[in-house]
Amino acid sequence: MAKMIKWVYKPFMAYPDTTERIVYLLIFLFPIAGMSVRHWISGVFTFLVLLSFLYPWKKEKPLAKEEKILLWIFFAFFTVFLVSAFINGWTERQTKYLGVEIRYLFAIPLYLMIRRLPDARLWILRGCVLGGFVLGGQAYYDSEILNYGYATGIYSPNLIGPYAVLVIFWLIFSFKIMKGVMAFYYLVPLSAVFVLYTVIMSGSRGAYVGALGIS
């Protein structure tokens, strides 16, 4: 645990800009407790979006074709929701859904901020390492302490299972971009075991199908 704290704290404090530190901290926290604390992911997302509006604009390389397509998909998804809602009649239900669908629109400034931060992917992967242990602990708590017999998390087995699969593949990917960090090579395999335990204990068929798709 001491090595993990040092592994996170030392590079984090190396950033001179306070705003950049906050953004990296939120990115690091993003994957840690999403299946254990209700609204964790949406809360972190909201803070990141707010920071993306305040983050100073810096001249960056032009958007790649794939990036432009991604951002247009976000915009189109939200536009289709609005058009459909107005055609079918705007009700209180549409007003409630608006708070969810507008996140696709807010993802645009968030992405534009993230792409200007060269270490963003490092911090979300570091968060996945710690998040793997949290997932395993949550699965054990649900199945053994609460005697559910399976992992459910704060939401359901059908969410914690696929989420755990995604974390496993992020951990595998992290080996390709975090070379030379010895503590990392000790922590990642152990974290992956915890996450795999979560997938198994969730019993989610969607998790297994997702694993095949991602593979």
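Shown above is the structure to which this text applies.
Because the structure is a prediction, the values reported are computed rather than measured. (Residues numbered from 1 in each chain as written. Predicted model: local features only at pLDDT ≥ 70, side-chain atom pairs only at ≥ 80, totals over all residues. Heavy atoms only, no water.)

> Tell me about the packing of helix α2 (residues 18-29) against helix α3 (residues 40-54), residues and numbers included.
Where α2 meets α3, the axes come as close as 10 Å, and the angle between the chain directions of the two elements is 160 degrees. When the interaxial angle is binned, α2 and α3 end up roughly antiparallel. Note on packing geometry: the crossing formed by α2 with α3 is left-handed. Taken together, the residues of α3 that come into contact with α2 (itself represented by Ile-22, Val-23, Leu-26, Ile-27 and Leu-29) are Trp-40, Val-44, Phe-47, Leu-48 and Leu-51. Of the residues belonging to the contact of α2 with α3, the class tally is 10 nonpolar, no polar and no charged. (Axes fitted to C-alpha atoms, helices over the stretch in contact; angles between N-to-C directions. Helix = DSSP H or I, 4+ residues; strand = E, 2+ residues; numbered from the N terminus. Parallel < 35°, antiparallel > 145°, perpendicular 65-115°, else oblique. Left-handed = near helix turned anticlockwise from the far one by under 90°. Contact = heavy atoms within 4.5 Å. Nonpolar A, V, L, I, M, F, W, Y, C, P; charged D, E, K, R; others polar.)

> Tell me about helix α5 (residues 92-114), and please be specific about residues and values.
When the terminal C-alpha atoms of α5 are compared, their 34 Å separation across 23 residues agrees well with the 33 Å that a helix rising 1.5 Å per residue should span. The sharpest bend along α5 comes to roughly 40 degrees, located at Leu-98. Listing the buried residues of α5 in full gives Gln-94, Glu-101, Ala-107, Ile-108, Pro-109, Leu-110 and Met-113. Buried positions along α5 lie against α2, α3 and α4 (65-88). (Expected span 1.5 Å × (residues − 1). Bend = angle between axes of the 7 residues up to and from the residue. Buried < 20%, exposed > 50% of the residue type's maximum accessible area, 1.4 Å probe, protein only.)

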